[in-house]
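The lines below spell out each chain.
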Amino acid sequence: MKTVLTLVVLAAILAGLVALPHVAPYYYIFLGTEILVLGLFAASFNLVFGYTGMLSFGHAAFYGVGAYATALVLLHWQWPLLACLAVSMGAGAVLALVIGFLSVRLDEVYFAMLTLAFGMMVFAVAHQWRSLTNGSDGIAGFLTTPLLPGVDWILDDPAVYYYVVLGLVLLASAVLYLICRSSFGLVLRAIRQNPERVAFCGINVKAYRLAAFTVAGAFAGLAGGLMAPFLRVASPDMLHWSMSAEPVLMTILGGAGYFLGPFFGAAVFVLLESWITDFTDAWMLVLGILLALMVMFFRRGVLGTMLDRIRGIDTAGRP
Amino acid sequence: MTGFFTALLNSLDIGLLLFVIAVGLNIVFGVLNVINFAHGALYMLGAYLGFSVMAMLGWPFWAALVVAPIGVALLAVLIDRLVLRFIYGREVTDSLLLTFALLLILNESVRLIWGSGIHVVEPPALLDGTLELPGGVRYPIYGLFVIAVGGVLVAGLWALFNRTRAGRIMRAASLDPEMAQVLGINTRAVVTGVFAFGAWLAAVGGVVAAPMRAIDPGMGDKIIIESFIVVVIGGLGSFPGALVGALILGLIHGLGGRYLPDVNLILPYIGMAIVLMVRPHGLMGRPGAS
């Protein structure tokens, strides 16, 4: 009965997403695109955080590098967008492999510090390497290309770009979901709960952590690649640690224990941001206070707490 | 040759200031088992409070050096009692998340109160100007003052931990909090005290750094990343590690800035990466110590 209910709710959300450009005001197409891309970004973060139990404060490095990759390829070679996005995924994965190789060796405290530090290294490099990245101004002025050669959709039309993002995010999420449900994902969850025991079973914990981190980097790179043509710029802000704070808050908001938690959190986050920035530009302050309150009192997240109530789980437990 | 000597003094300047920040991070981690991501923000707050004490109240630098760190320490007591107390006894993840949230809150509050611009603090008249050292090297007196403050703090902290009852209580609480409590130590008060002491150290570093570097809202981010590199190089939780790590990073900055300006920016990270690959627990750290 409950699985039927879940399917109905999911189908309704999907129908709403497909219908959005036809029923909602123009402004909401932009918000919808942002929610989908940032949701994918947060979901990739949650593969590392919620599933593998490693808290990364440098996830924006892969998102930002993905954005720069697509922006640079569009600027210099005008490849079709799908090829650009593939480059973004590759760039995110390679960077995550390097940073992960150095960061997964020790415990969680080290991991949090190292991901933040290496993330800021990437930020500093993007800031200083002017000949490649154009410094603090970032890469702008590139033209959008067709999705694939011969496909004549006008990607500059926000509604068309929204559908492209919707399709690609759904596809990527499905792949991510299958990864989480696979035996690989099962090992990751076991590592989160008890790394020592998993190691005693003869499984190389570090290799699994590194693999999860690399996959997450690839999907974060894809999210960044989708964001660059939408914003029409790739800037160092997208690499800064405050950008890394966003998927953290989205995941905590939605709930790290559920696959859709980060997407739900991204929706709450983006809507809240667009509403609050009407009153004040101290959005980061609100973000910090919200994160503190969630950690102190609602550790299971909004979606998680709701679902737990429905299922009758004791909400005092850990995710 | 005099250029090399100046670069060495610069390295010592940067290194000892970094030690003051990183050792606070270490002390708090030792007792609370929390890496305080907001430690750099407390350093920045010290600098800004010092600036306001001087610019708005018109008090001298020395008064700011006393008053601003006490203000930051009091704020830390409030943070501990109102916010951090919720996560003691929970998983490490929660403490990381909560201090990260504090970092966002403090950073943005500083920006709201003091603006995004750069503020400048003049060194006190006594320490203004340069001094000719034996060997014909001219060096700012204030830089020598920073080295002296760093030296005093290194010696003072060493004595605190090894020669006083308060230091032994802190070490006992970090080794085995339950046993310490059984022996009649109020570990709850020790935790609050240590957090406030770490904040005080960070703020002292902030006030001392203010006349040497410009005060801007990004200064906390810079110092916390550097402090992380220091504790990773030296070994998390190790007092000599913090000193060695800070001096190495100081040398990387001081000599790298002079001889390898193009790659100066990523040299600290390369140093950190080498240490991680050769000695993952840091030069002075022991496996299992963290």
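Quick look at the structure, then. (Residues numbered from 1 in each chain as written. Chains lettered and ligands numbered in written order. Predicted model: local features only at pLDDT ≥ 70, side-chain atom pairs only at ≥ 80, totals over all residues. Heavy atoms only, no water.)

1. Details of the interface of chain A and chain B
Contacts between chain A and chain B engage 41 residues on the former and 41 residues on the latter. Of the roughly 3800 Å² buried at the junction of chain A and chain B (both faces included), carbon and sulfur atoms supply 81%. Across the contact surface, chain A and chain B share one salt bridge. A salt bridge links Asp94(B) to Arg299(A), with the shortest nitrogen-to-oxygen separation between them at 2.7 Å. At the junction of chain A and chain B, the tally comes to seven residue pairs in polar contact (both at pLDDT 80 or more). When residues in the side of chain A that touches chain B are grouped by element, the largest group, 14 residues, is from helix H5 (residues 108–128) of chain A. Classifying every residue of the side of chain A that touches chain B by side-chain character gives 32 nonpolar, three polar and six charged. (Contact = heavy atoms within 4.5 Å. Buried area = accessible area lost by both parts, 1.4 Å probe. Salt bridge = Lys/Arg side-chain N within 4 Å of Asp/Glu carboxyl O. Polar contact = N/O pair within 3.5 Å; in protein donor to acceptor, adjacent residues only side chain to side chain. Helix = DSSP H or I, 4+ residues; strand = E, 2+ residues; numbered from the N terminus. Nonpolar A, V, L, I, M, F, W, Y, C, P; charged D, E, K, R; others polar.)

2. Quick notes on the side chain of Ser173(A)
Residue and element names in this part refer to chain A. As for its position among the elements, serine 173 is in helix H7 (residues 158–181). Given the relative accessible area of 11%, serine 173 is considered buried. Setting aside anything within four residues of it in sequence, one finds serine 173 in contact with Leu40, Phe259 and Phe263. (Buried < 20%, exposed > 50% of the residue type's maximum accessible area, 1.4 Å probe, protein only.)

3. Topic: the pattern of salt bridges
All names here are of chain B. The tally for this structure, following the rule as stated, stands at seven salt bridges over all chains. Between arginine 188 and aspartate 80 there is a salt bridge; the shortest N-O distance is 3.6 Å. Residue arginine 188 is located in helix H8 (residues 187–209), and its partner aspartate 80 is located in helix H3 (residues 61–82); the two are separated by 108 residues in the primary sequence. Here arginine 188 falls in the partly exposed class, since its relative accessible area comes to 30%. Among the residues examined, aspartate 80 registers a relative accessible area of 0% and is labelled buried.

4. Focus on unusual backbone geometry
Phi at Arg232(A) takes a positive value of approximately 65 degrees, unusual for a residue other than glycine. Relative to the helices and strands, Arg232(A) is located in the loop between helix H10 (205–231) and strand E2 (233–234).

5. Topic: the layout of surface pockets
Size it by volume and the largest pocket reaches roughly 1800 Å³. Looking at the lining of the largest pocket, the elements with two or more residues in it are helix H1 (2–23), helix H2 (26–51), H7, helix H8 (183–193), helix H12 (261–276) and helix H14 (302–311) of chain A. For the lining of the largest pocket, the residue count by class is 32 nonpolar, seven polar and five charged. Looking at the second largest pocket, its volume works out to about 1600 Å³. As for the second largest pocket, its lining consists of 48 residues, and the residues nearest its centre are Met120(A), Phe123(A), His240(A), Trp241(A) and Asp221(B). If one sorts the elements of the lining of the second largest pocket by residue count, helix H9 (residues 219–234) of chain B sits on top with seven residues. Tallied by class, residues from the lining of the second largest pocket come to 26 nonpolar, eleven polar and eleven charged. (1 Å grid on protein atoms, 1.4 Å probe; cavity = no way out; pocket = protein on both sides within 12 Å on 5 of 7 lines; lining within 4 Å. Points joined across faces, edges and corners; volume = space filled by probe spheres on them.)

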